[in-house]
Each structure stands twice: as C-alpha cells, then as structure tokens.
Amino acid sequence: MSFNRLQTMRDNIEAIRLALRLGVERRAPDAQEREVLGRYAGFGGLKCILNDADSLMDAAKWSKSDIELFAPTVELRQLIREYSKDDREFARYMDSLKTSVLTAFYTPSPVVDAIFDTLKANGIEVRKYLEPSAGQGVFVDSFMRDYPNAKAMAFEKDLLTGKILAALHPNSEVRIEGFERIEPDYKGYFDVACSNIPFGDFAVPDPIYATSKELAYRQSTKAIHNYFFLKALDSVREGGLVAFITSQGVMNSASPFVRAELVKRADLVTALRLPNNTFSDNAGTDTGSDLIILQKHSGKTALSADEEFFVQSVVDRDSKAPTNKYFAAFPQNVICTDASVGTDPYGKPALIYKHSGGVDGIARDICLALDESLKLRLNKELYNSQGIKSPTPESIK
C-alpha cells in the first residue's frame, strides 16, 4: 500500500477528534475507538499543514500539489481551536504540530516487532523499558506484546500525539513532555531504551547537560539525535541496551566526535543500515536510516575492531557518497536487495538502498542480521548480572 497523504490526513483528524473528546469525557477508548486512534500516523512529510489555512482566501497561496489537503487542514485547525481553552493553548498545539511535521515519521510495526522479537528470542528479559520519543506508541505496543508484565515509560512531546498515546496506553506511564524532563532519579534505571528518535540540529533545553563540565554533554544539546543517545545511555543501567533507529547522519557525519563518545561509554552490539523504502508506506519518505544498538559499559578501557570502524566515516571513492567504515567491514549489515547511487534530500551524492520484499521482507532480514549480531557481540553476563542490582527510585510505583 503506498502512502496516501489525503487518507493520512483524514485518519489523523479523526484520531485527534476522538482523543480530544475522550479527554473531555475522561474515559478510555472502547475496541472500535482504539482502531480509530491506532490509524493516527503523525504529520511527518505533511509540511503543507503549516501553510495559512484560516479562510478560503488562503487557498490561492497553496501549490497545486498540496491543494487537496487545504480543506482537511482548515478542518484540523477548526477542530484544535474548538477544543483549546484559549488562544495560548491553541498556539501551543500549533507549535507542537510544527515540530511534528519535521520529526514525526512512524516506524512500521513489523520492523519494530523484528527488534523486540529478536531480543526476546536471545534471552533478553526486560522489566523496565524507556521510550523517549513514542509517537502514538508502535514501540510500546510491540514491547508490551513481548513483555506483558514489564513497566514502560513513554515520552511524547507533541501535545496532540501525546493525547492519542495516553488514550491507547492507559496501563503505561505516558508523559506528554520532552525527554529532557526525565528526573535525575531515573539515571541508571531502565533495562532497555528503544525508539525511532528525532533527528536534526534542534537544540534541547536540558540545563544539566548544557552546563556540564563534559564537552560531549554540552555539545549534545545542540543536536537532538546526539542528545537522545547520550541521555538514553545515562538512563539505562550498567549492561542495559539502547536500540535506536536514527538518520544515517549519525554514522555518516564527517565528525567522529559523537560516535567516539558513544563507544567510550558503551559497547557497540550492532549497526544495521536500513533500506530507503523502510518508511515509504507509513510516512511517504525515502530517507536513509540506521538501527544502532549499544550496551552500556562504563569504564571500558579499549575499543574493539568493530568500534574502531564505527567511529570512522568515509567517502565512497567512486560515488563520492558518505558512508561508514563499519558497513564496508560488515556488508551483511546493510539490509537491501539493491543498491545504487543517487542523491539525499539536499541534492548531495548518496548510496540508495532498496528492498524488493517490502516491509515484511525488510523485517525478516533485520531479524536474521540482528540475531547474528546479538549472538556474537551481546554480553549477556553483563546484562543479566547488572540487572539484579539496578536501582529503584521511590517515585516508581
């Protein structure tokens, strides 16, 4: 099924309408309503919703390619205004929508299932799970399916998406605020942090990191993806796992600084390069992304050969496209059936990977590659022994 922008808009509006109504009525959704909420897909890739859409006159400013979304955008704004207490709350909703447009690209369920199913199959037991950028909760759903007795804490900064997340997950701790608001009590608390994190040069308002003596912490507040990695490593216990889907920019970036910091604090379990069509059906975007899994290991004294590769980005001699030495060393960790040279969203040379098997084929190959990596590189002794001693803040019930 290809990405249909108009259908996505309609589904999103109905889900938002229902979530807002459930909030007023102070009740949980029934089975049918859960289906409506579950069709919410965020506004990633729908930039036109930020165009002026307050009256019919504004339609003249819209491009031909976007005009079909003008009426639903008007409806969306009217809906939000109707449920806003005042202009200030309306402005907060609109601001959060703006951020969502830039960062919210939801991961297909089979891909997320592949991650948690493979962790479970390799004997990884999880009692406390952190989702720092939850969207409407596809990672939480997959996690709770494999670990039904565990506790999940999910953050979602976008106000509208957060309401849908909370309605869908009444038994999880849902926090409608940014991940930077997590309390110091949770340092070293979680077993696993797993998410598709936002990417970009968005500053993060974390006063503790911004004023830290450590350069890595201070620098990370300038780019949200770097911040999420370091903050998540702080939030998991010794031996715990951070498994993030992120833009290829983390591994391709010319600067090795953040990659070096990550493998100074954690062992690299694996990195998988996902095909560009991973998100095509869900979000209509063909962006390149990677799955990076780290195991917290404080006080390590040396890097493995894999980690030495991971730190080094390179430019492919023939295509002039950036890549990472790790994938040259482990080509089996590039999940694809076809590779070609193309351009990235900024018109620069890029290696484009496609998978002819669609989302299910991608998920199957992720399982195989991840299973092999976990068997080779996961330190289960460290994971299991440290798990027994993990702290329990009194604020967790």
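Residues numbered from 1 in each chain as written. Predicted model: local features only at pLDDT ≥ 70, side-chain atom pairs only at ≥ 80, totals over all residues. Heavy atoms only, no water.

**Remarks on empty space enclosed by the protein**
Think of a ball as big as a water molecule: rolled over the atoms, this probe shows where empty space is left.
Then, in step 1: Under the criterion given, the structure shown has one cavity of 30 Å³ or more.
Then, in step 2: Counted as a void, the largest cavity has a volume near 30 Å³.
Then, in step 3: A216, L230, F257, V258, E261 and L262 together form the lining of the largest cavity.
Then, in step 4: Looking at which element gives the most residues to the lining of the largest cavity, the answer is helix α12 (residues 257-265), with four residues.
Then, in step 5: Along the lines of polarity and charge, the residues of the lining of the largest cavity split into five nonpolar, no polar and one charged. (1 Å grid on protein atoms, 1.4 Å probe; cavity = no way out; pocket = protein on both sides within 12 Å on 5 of 7 lines; lining within 4 Å. Points joined across faces, edges and corners; volume = space filled by probe spheres on them. Helix = DSSP H or I, 4+ residues; strand = E, 2+ residues; numbered from the N terminus. Nonpolar A, V, L, I, M, F, W, Y, C, P; charged D, E, K, R; others polar.)

**A look at the nonpolar core**
Then, in step 1: With 43 residues, the main nonpolar core has F229 and I292 as its most contacted residues.
Then, in step 2: Top contributing element to this core by residue count: helix α10 (residues 224-235), with seven residues. (Core = buried A, V, L, I, M, F, W, Y, C linked by side-chain atoms within 4.5 Å. Buried < 20%, exposed > 50% of the residue type's maximum accessible area, 1.4 Å probe, protein only.)

**Concerning the pattern of salt bridges**
Then, in step 1: Applying the stated rule across the entire model yields 29 salt bridges.
Then, in step 2: Linking K264 and E261 is a salt bridge whose minimum nitrogen-to-oxygen distance equals 3.2 Å. Here K264 pairs with E261, and both are found in helix α12, just three residues apart, close to one helical turn.
Then, in step 3: A relative accessible area of 47% places K264 in the partly exposed class.
Then, in step 4: Judged by relative accessible area, which is 11%, E261 ranks as buried.
Then, in step 5: Linked through salt bridges whose partners overlap, the residues forming this network are R21, E25, R27 and E33. (Salt bridge = Lys/Arg side-chain N within 4 Å of Asp/Glu carboxyl O.)

**Points about the pairing of strand β7 (residues 289-296)**
A regular strand carries its side chains on alternate faces of the sheet.
Then, in step 1: Judged by how many residues are buried, β7 sits mostly within the fold: eight of eight residues are covered.
Then, in step 2: In the sheet, strand β5 (residues 236-247) pairs with β7 via seven bridges, with the strands oriented antiparallel. From the neighbouring strand, A243 faces β7, where its bridge partner is I293.
Then, in step 3: With eight bridges connecting them, strand β6 (residues 266-274) and β7 associate as antiparallel partners. Residue pairing in the sheet places A271 in a bridge with I292 of β7. (Pairing = 2+ DSSP bridges.)

**Looking at the side chain of R175**
Then, in step 1: Mapped onto the elements, R175 comes out in strand β3 (residues 173-175).
Then, in step 2: Residue classification places R175 among the buried residues on the basis of a relative accessible area of 9%.
Then, in step 3: A polar contact is formed between the side chain of R175 and the side chain of E177, at a distance of 2.8 Å.
Then, in step 4: The residues touching R175, leaving out its near neighbours within four places in the chain, are M153, A154, F155, E156, R181, I182, E183 and Y186. (Polar contact = N/O pair within 3.5 Å; in protein donor to acceptor, adjacent residues only side chain to side chain. Contact = heavy atoms within 4.5 Å.)

**A closer look at the packing of helix α1 (residues 5-25) against helix α3 (residues 70-83)**
Then, in step 1: It is the contact of α1 with α3, at a shortest axis distance of 10 Å, that shows an interaxial angle of 10°. Between α1 and α3, the crossing angle belongs to the class labelled roughly parallel. Side by side, α1 and α3 meet where L6, M9, I13, E14, I16, R17, L20, R21 and V24 of the first sit next to P72, T73, E75, L76, L79 and Y83 of the second.
Then, in step 2: Partitioned by chemical class, the residues of the contact of α1 with α3 number 10 nonpolar, one polar and four charged. (Axes fitted to C-alpha atoms, helices over the stretch in contact; angles between N-to-C directions. Parallel < 35°, antiparallel > 145°, perpendicular 65-115°, else oblique.)

**Notes on the state of the cysteines**
Then, in step 1: A complete count under the given rule lists zero disulfides for this structure.
Then, in step 2: Lacking any disulfide linkage, C194 is separated from the closest cysteine sulfur, that of C367, by 13 Å.
Then, in step 3: For C194, a relative accessible area of 0% gives the class buried.
Then, in step 4: When its relative accessible area of 27% is taken as the criterion, C367 is described as partly exposed. (Disulfide = S-S within 2.5 Å.)

**Examining the packing of aromatic side chains**
Then, in step 1: Summed over the entire model, instances satisfying the criterion amount to 18 aromatic pairs.
Then, in step 2: Look at Y326 and F327: their rings are 5.6 Å apart centre to centre, the planes differ by 85°, and that puts the pair in the edge-to-face class. For the pair Y326 and F327, a shared accessibility class is recorded, and that class is buried.
Then, in step 3: Taken together through their ring pairs, the aromatic side chains of F155, F179, Y209, Y217, Y227 and F228 make up a single cluster.
Then, in step 4: Its guanidinium or amino end placed over the ring of F330, R377 lies 4.9 Å from that ring's centre, counting from NZ or CZ. (Phe/Tyr/Trp six-rings, centres within 6.5 Å; stacked < 30°, edge-to-face > 60°. Lys NZ or Arg CZ within 6 Å of the ring centre and 35° of its normal.)

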